[in-house]
Structures are given as C-alpha cells and as structure tokens.
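Letter by letter, the chains look like this.
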Amino acid sequence: MNDRQGDRERSRARRALWASLAFYVLIAFEFLYMASPFAAYFYAVYGPGLDWLERFGGTSWVIQFFLPHIVEETRSVLIDNLEAFGAALFLGGLAAFAVGIVQIYRAKLRRDDAVVSGLYSHIRHPQYLALIVASIGMALIWPRYLVVVMTVTVTFVYVALAKAEERICLRQYPGYADYMRRTGMFLPPRLAPRTGMLLPPRLWPKGALLSGGSSASRLAQWVFAYAVALLVALLLAFGLRVHAIASLHAIETDDGVYISVTALSQETLAAVAEIARSAPQAGPVLKGRTNLLNYVVPVDMYIGEVPMHLPPGAAFGHRIPADHDPARNKVIFTQAQFAGAELLADGNILWQAINKKALLEVHVDLDAGKVTATYPPPAEPLYGDRQVPVF
C-alpha cells in the first residue's frame, strides 16, 4: 500500500512540476519574444488573451506595467536600476538551476541516493529556490501585474512540490529525516524561520499549521497564505508604479501629457512640445483632441512599442544613442486608449491608459527653434494594436 501511495504521490508531483514549468515558460517567453527579432510574430500568440483581459474594466489593470519599459531615464535611482537588478536575479537563478541539474543527473548516473552535497548540503530544494529567484527577476524585467500574479502562483506551486518530494524521500531514504534536521527547505537553517510557516503566526486563523489538520483545513490554509502573499506582492508593485510615474520626466498640458524617454527638464520639454505643435501638419491632426499621450525621443532612437518612422538600415531598440544631441528630438503624438470609452473624470492619463494610437511624428531642432521633419504614423506598426507598455 505504501508503495502504491508513493507512486501516486510521485505521479502527482511530476504532473505539478510540468504544469508549473509550463506556467513559468509562458511568463519568460513573453519577454524573450519581445526582445527577439521575431517579436511581432511571436507576440501574436499572447494577443488573444491580452485582448480578452483588456476588454473588461475589472481585468484591464492586470496587463498594465508597474515599472517603465519604454522610458529609459527617470528621476529615481531605484526605478532606473530595477530592471538591471531583475536581470541579475533572472540570470543568477537560471545559473543556480543549471548547477542543481548537473548535481542531480550526476547522482543518477552514479546511482547514488538522495543528493545531499554541494548546494544540497545547505538547502534541500535549491532548484526550486533558483526558479523562484528567476521568476522574481522576470517580474522586474517584464513588469506586468499579470507577471506578479504568475510569479506568486508558481512560488506556491514550488513550495507544494517541495513538500510532496520530502514525503516521498522520507519513505525512500532512511537517513533523510536527519538530513532534513540539519538543512533548510529553501534557506540555510540559520536564515530559515524556525516556525516553518509561510506567514507570521499572528496572521493565521486559530490553530492553523501548514502541516496539520484535515485535508480541507490544509487547503484552506494554503488558500489563505496565497491570498495574503498575492495581496502583498500586488501592493508592492502598485507602490513601485506610484513612485515610477511620479519620477518620469513629463509635463501635462491642456490636451494631454508629454513623456521624455531621456532626462529632459520641464522647461526643455515644454519648448519641444510648443515647437512640435507649431508644425503645419499638426493642426489638422490634433485639433479638438484631448487625452493625448505624447513621447519625446531622441531623433536617432527607435522604440518598437511607440509607432514611429523607421529609416532604412535602422533597428528598433531601447538603448539611448551614446552621441545623441539633447536639442534634436522627435515628438510622437498618440491618442491614449482606456479600458472604457473615455478617461474617467479627474483621471490621470498615465494611470488609466492601457494602449495608444499613433497620430503624427514631428522632428524638432530646439537650438534652431524649428520643425525639421514630419511623418505620418507607420502603415504597419511593429506590434500592431497589441497591448504594449505605455511608459
């Protein structure tokens, strides 16, 4: 009977592992596709799901970004460096995961018992920890609220898998109980909480312990822990979004907002906006429009998420040209789009916009005080009408 129970637990653990890995791949690949030369093609895979979420006011917020992706420079040192920190977590997590794989398969080739050396001499599940760290890094690289939800979800899946594996190992390996006493599940014993609980005791319902009670009670405890962790993660992301938007180099005007992707003073932004609006082509296009979301970009910088003219031989990217002239910029006028038909009363365009539609591109030479070129919106924007970041 114990053998049959162990086989069932191993089968469930394997299915849960594959499901969680598929879930993780969906998170990682959206960013990897967006960063690849085939981004526009691959991104269509995610389009239907994002379209569905965008359709409803109650879910449209999930696809919004809580950190800048288009904007490269803000007034916040923290915001400017979070993406690099996320990349370090992502790559470090993947590297640690690879080390764990080498240890496990080396042990299998040698027909050893449970792996208890190397990374496993300090913590029992370094691979799951590595994937959790990589997931957090991905949430900072590709910072949709949806990715935060997925990251919290896969974290709880990995914790559940770790517990299931430990029950199997306790039956299969006689010395595993001693191994558990001298190691931590995800952190070395000196750093791991002694309570063995996912939350401080005061936050649990009366008598709740993750390892005790009936199946229904344990399930309720997991649901409670998941809900609290998800709420905390979303509140943290919301706080970062508040700080990020407040840190943008931007100005508000009667008809909308201008955002600079590089560090420009408000005086410079206002001057660039005034010259751009003076272009003869701007009057007919912008007349009577409100809720504009306009981007100020160096003339030799091309960002795929903002529909703009791409000269022959140029390529889309996010790097600010090292030799760009701060006096030569282009303004891409766009119409902000919202989950509802219009911006909510007293609403903030940056807070509520979920997409934008290109209207006109105007090149400005600030030193000369004149417009140097204008372009209509591209006939086929790189991402079409997909839900790409708005800042």
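Our subject is the structure that appears above.
Residues numbered from 1 in each chain as written. Predicted model: local features only at pLDDT ≥ 70, side-chain atom pairs only at ≥ 80, totals over all residues. Heavy atoms only, no water.

Caption draft 1: Quick peek at a negative patch on the surface. Taken together, the side chains of Asp300, Asp323, Asp325 and Asp367 present a region of like negative charge at the surface. Among the structural elements, Asp367 can be located in the loop between β5 (353-365) and β6 (370-375). (Patch = residues over 30% accessible without salt bridge, like charges linked within 9 Å, V, L, I, M, F, W, Y side chains within 5 Å. Areas by Shrake-Rupley, 256 points an atom, 1.4 Å probe, with all protein chains shown as cover. Salt bridge = Lys/Arg side-chain N within 4 Å of Asp/Glu carboxyl O. Lys, Arg positive; Asp, Glu negative; His and termini not counted. Charge placed at Lys NZ, Arg CZ, Asp CG, Glu CD. Helix = DSSP H or I, 4+ residues; strand = E, 2+ residues; numbered from the N terminus.)

Caption draft 2: Spotlight on empty space enclosed by the protein. Under the definition given, this model contains two cavities of 30 Å³ or more. What the largest cavity holds in volume is close to 90 Å³. Together, Ile63, Gln64, Phe65, Arg144, Arg241, Ala353, Ile354, Gln387, Val388, Pro389, Val390 and Phe391 line the largest cavity. Tallied by class, residues from the lining of the largest cavity come to eight nonpolar, two polar and two charged. (1 Å grid on protein atoms, 1.4 Å probe; cavity = no way out; pocket = protein on both sides within 12 Å on 5 of 7 lines; lining within 4 Å. Points joined across faces, edges and corners; volume = space filled by probe spheres on them. Nonpolar A, V, L, I, M, F, W, Y, C, P; charged D, E, K, R; others polar.)

Caption draft 3: Looking closely at unusual backbone geometry. Despite not being glycine, Asn291 shows a phi value in the positive range, around 55°. By the element assignment, Asn291 lies in the loop between α10 (282-286) and β3 (292-298). Take Asn291: its relative accessible area is 14%, and that puts it in the buried class. (Buried < 20%, exposed > 50% of the residue type's maximum accessible area, 1.4 Å probe, protein only.)

Caption draft 4: Structural detail: the nonpolar core. By size, the foremost hydrophobic cluster in this structure holds 50 residues, and its most contacted members are Ile259, Leu293, Tyr295, Val297, Ile303, Leu350 and Phe391. Not counting the four nearest positions on each side in its chain, Ile303 is found in contact with Ile70, Val261, Val297, Met308, Phe316, Gly317 and His318. One finds Tyr258, Leu264, Ala282 and Phe333 within the second-largest nonpolar core, a separate group that totals 19 residues. (Core = buried A, V, L, I, M, F, W, Y, C linked by side-chain atoms within 4.5 Å. Contact = heavy atoms within 4.5 Å.)

Caption draft 5: Highlighting the packing of aromatic side chains. Within this structure, the stated rule accounts for seven aromatic pairs. A connected cluster of aromatic rings, assembled from ring pairs, spans Phe156, Trp222 and Tyr226. (Phe/Tyr/Trp six-rings, centres within 6.5 Å; stacked < 30°, edge-to-face > 60°.)

Caption draft 6: A look at the sheet that holds β6. The six strands are arranged β1-β2-β3-β4-β5-β6 in an open sheet whose pairing can be described as mixed. The open sheet terminates on both sides in strands that have one partner only, identified here as β1 (249-253) and β6. On average, adjacent strands in this sheet sit at an angle of 25° to one another, irrespective of strand direction. Where β1 and strand β2 (residues 256-260) come together, five bridges link them in antiparallel fashion. Note that in β2 the partner of His249 across the bridge is Ser260. Here helix α9 (residues 266-277) sits on the sheet and contacts β1, β2, β3, β4 (328-338), β5 and β6; the angle it forms with β1, its principal contact strand, is near 55°. (Pairing = 2+ DSSP bridges. Axes fitted to C-alpha atoms, helices over the stretch in contact; angles between N-to-C directions.)

Caption draft 7: Looking closely at the packing of helix α6 (residues 145-172) against helix α8 (residues 215-247). Packing of α6 against α8 leaves a shortest axis separation of 10 Å and a crossing angle of 145°. Of the two elements, α6 crosses α8, and the hand of that crossing is right-handed. The residues of α8 that touch α6, namely those facing Tyr145, Val148, Val149, Val152, Thr153, Phe156, Val159, Ala160 and Lys163, are Trp222, Ala225, Tyr226, Ala229, Leu230, Ala233, Leu234, Ala237, Phe238 and Arg241. Looking at the contact of α6 with α8 residue by residue, the classes come out as 16 nonpolar, one polar and two charged. (Left-handed = near helix turned anticlockwise from the far one by under 90°.)

Caption draft 8: A look at a nonpolar patch on the surface. Together, Leu310, Phe316 and Leu382 line one region of the surface with nonpolar side chains, adding up to about 210 Å² of accessible area. Secondary-structure assignment places Leu310 in the loop between β3 and β4.

Caption draft 9: Representation of the packing of helix α5 (residues 126-141) against α6 in the model. Between α5 and α6, the shortest axis-to-axis distance is 9 Å and the interhelical angle comes to 175°. Judged on the interaxial angle alone, α6 and α5 are roughly antiparallel. Residues Tyr128, Leu131, Ile132, Ser135, Ile136, Met138 and Ala139 of α5 form the contact with α6, whose participating residues are Val147, Thr151, Val154, Thr155, Tyr158, Leu161, Ala162 and Glu165. Across the contact of α5 with α6, the residue classes tally to 11 nonpolar, three polar and one charged. (Parallel < 35°, antiparallel > 145°, perpendicular 65-115°, else oblique.)

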